[in-house]
Amino acid sequence: MIFILYGLTLVFIFLNIFTDYFFGQVRFVFDQFYYITSTPVYALFIVMFLGLAVYNIIILYKEYQKRDGLIKHQIKYLIFAFVIGF
């Protein structure tokens, strides 16, 4: 599975650098910031990223239930940081 995900990542990197399939047009809005018009490929990337983030949190939670002591506390803080970060 990891090789498939690395392959998808390489495809996304290629599409981002060499084509316009990843990002559409860039617009300057509200005289403040640039807004990127998303494409279906970008939406797929976001879904994949969020899916992997949730999958990692689920794996950590399963490991949290198995462990005890210091490792359990470390996993709890890591899950908390991931939830806040994502």
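Analysis parameters
Residues numbered from 1 in each chain as written. Predicted model: local features only at pLDDT ≥ 70, side-chain atom pairs only at ≥ 80, totals over all residues. Heavy atoms only, no water. Helix = DSSP H or I, 4+ residues; strand = E, 2+ residues; numbered from the N terminus. Salt bridge = Lys/Arg side-chain N within 4 Å of Asp/Glu carboxyl O. Buried < 20%, exposed > 50% of the residue type's maximum accessible area, 1.4 Å probe, protein only. Patch = residues over 30% accessible without salt bridge, like charges linked within 9 Å, V, L, I, M, F, W, Y side chains within 5 Å. Areas by Shrake-Rupley, 256 points an atom, 1.4 Å probe, with all protein chains shown as cover. Pairing = 2+ DSSP bridges.

Chemist: Help me understand unusual backbone geometry, please; the structure alone is not making it clear to me.
Modeler: Leaving glycine aside, a negative phi is the common case for residues, and trans is the common case for peptide bonds. A positive phi angle is found at Phe30, which is not glycine, with a value near 55 degrees. Among the secondary structure elements, Phe30 is positioned in the loop between strand 1 (23-29) and strand 2 (33-38).

Chemist: What's the story with the pattern of salt bridges in this structure? I'm lost.
Modeler: Between side chains of opposite charge, a pair can form as their charged atoms come close. With the rule as written, the count across this model stands at two salt bridges. With a closest N to O distance of 4.0 Å, Glu63 and Lys66 form a salt bridge. Highlighted residues: Glu63 and Lys66, both in helix 2 (residues 40-66), separated by three residues, approximately one helical turn. What makes Glu63 partly exposed here is its relative accessible area of 24%. With its nearest N and O atoms 2.7 Å apart, the salt bridge here joins Glu63 to Arg67. Residue classification places Arg67 among the partly exposed positions, given a relative accessible area of 39%. Several salt bridges converge on common partners, so that one network encompasses Glu63, Lys66 and Arg67.

Chemist: What's the story with a nonpolar patch on the surface in this structure? I'm lost.
Modeler: A cluster of nonpolar residues, Leu10, Ile13, Phe14, Ile17 and Phe18, forms a patch on the protein surface that exposes about 560 Å² of accessible area. Here Ile17 lies in helix 1 (residues 2-18).

Chemist: Honestly, the pairing of strand 1 in this entry has me stumped. Any pointers?
Modeler: Taken residue by residue, a regular strand's side chains alternate between the two faces of the sheet. Of the pairings in the sheet, the one linking strand 1 to strand 2 comprises five bridges and is antiparallel in character. Paired with Phe28 across the strands is Tyr34, a residue of strand 2. Taking the residues between adjacent antiparallel strands as the criterion, strand 1 and strand 2 are bridged by three residues, where Phe30 takes a positive phi near 55 degrees.

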